[in-house]
Amino acid sequence: MKHWPFTVIDAGTLPKLQVEYKNEKKTFTPEKVSSMMLTKMKETVESYLGQDVKDAVVIVPAYFDDSQHQATYSKQLGHPPHMPPEARWSRPCLQ
């Protein structure tokens, strides 16, 4: 963990990630980081395709429990509003 470009901090009951960007410290929840990654992926795909992307399939590991599923798909915890979840399925775990 000492080589990570961020610090994991204790913020009450949930861990948060702290980064320094342009000499300013910013703190994010893991769900927010996930949302930011999905947003960047959407922008990259739209740039490549040259058109808007309105639907996407987001797959989470089979070992995720219900709270992790909720965090991945939750608008309250940072799911991008331009990519609302439509449905969830059980996914097999590949080993």
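In what follows, the accompanying structure is described. Quick caveat, the model's predicted, so the values are computed rather than measured.

**Some words on the pattern of salt bridges**
Phase 1: Here the structure, examined in full by the defined rule, presents one salt bridge.
Phase 2: Measuring nitrogen to oxygen at the nearest pair gives 2.5 Å for the salt bridge that ties K42 to E46. Placement of the pair is K42 and E46 together in helix 1 (residues 30–49), with a separation of four residues, close to one helical turn.
Phase 3: For E46, a relative accessible area of 17% puts it in the buried group.

**As for the environment of K16**
Phase 1: Checked against the element boundaries, K16 lands in strand 2 (residues 14–21).
Phase 2: In this structure K16 comes out as partly exposed when scored by relative accessible area, which is 28%.
Phase 3: Along the primary structure K16 and T27 are separated by 11 residues, whereas in three dimensions their C-alpha atoms are 6.5 Å apart.
Phase 4: Excluding residues that lie within four positions of it along the chain, K16 makes contacts with T7, V8, I9, A11, T27, F28 and T29.

**Considering unusual backbone geometry**
Phase 1: Despite not being glycine, K22 has its phi angle at roughly 55°, a positive value.
Phase 2: Along the chain, K22 falls in the loop between strand 2 and strand 3 (24–28).
Phase 3: The exposed category is assigned to K22, whose relative accessible area is 67%.
Phase 4: Even without being a glycine, N23 presents a positive backbone phi close to 60°.
Phase 5: For N23, the position within the fold is in the loop between strand 2 and strand 3.
Phase 6: When its relative accessible area of 75% is taken as the criterion, N23 is described as exposed.

Conventions and cut-offs
Residues numbered from 1 in each chain as written. Predicted model: local features only at pLDDT ≥ 70, side-chain atom pairs only at ≥ 80, totals over all residues. Heavy atoms only, no water. Salt bridge = Lys/Arg side-chain N within 4 Å of Asp/Glu carboxyl O. Helix = DSSP H or I, 4+ residues; strand = E, 2+ residues; numbered from the N terminus. Buried < 20%, exposed > 50% of the residue type's maximum accessible area, 1.4 Å probe, protein only. Contact = heavy atoms within 4.5 Å.

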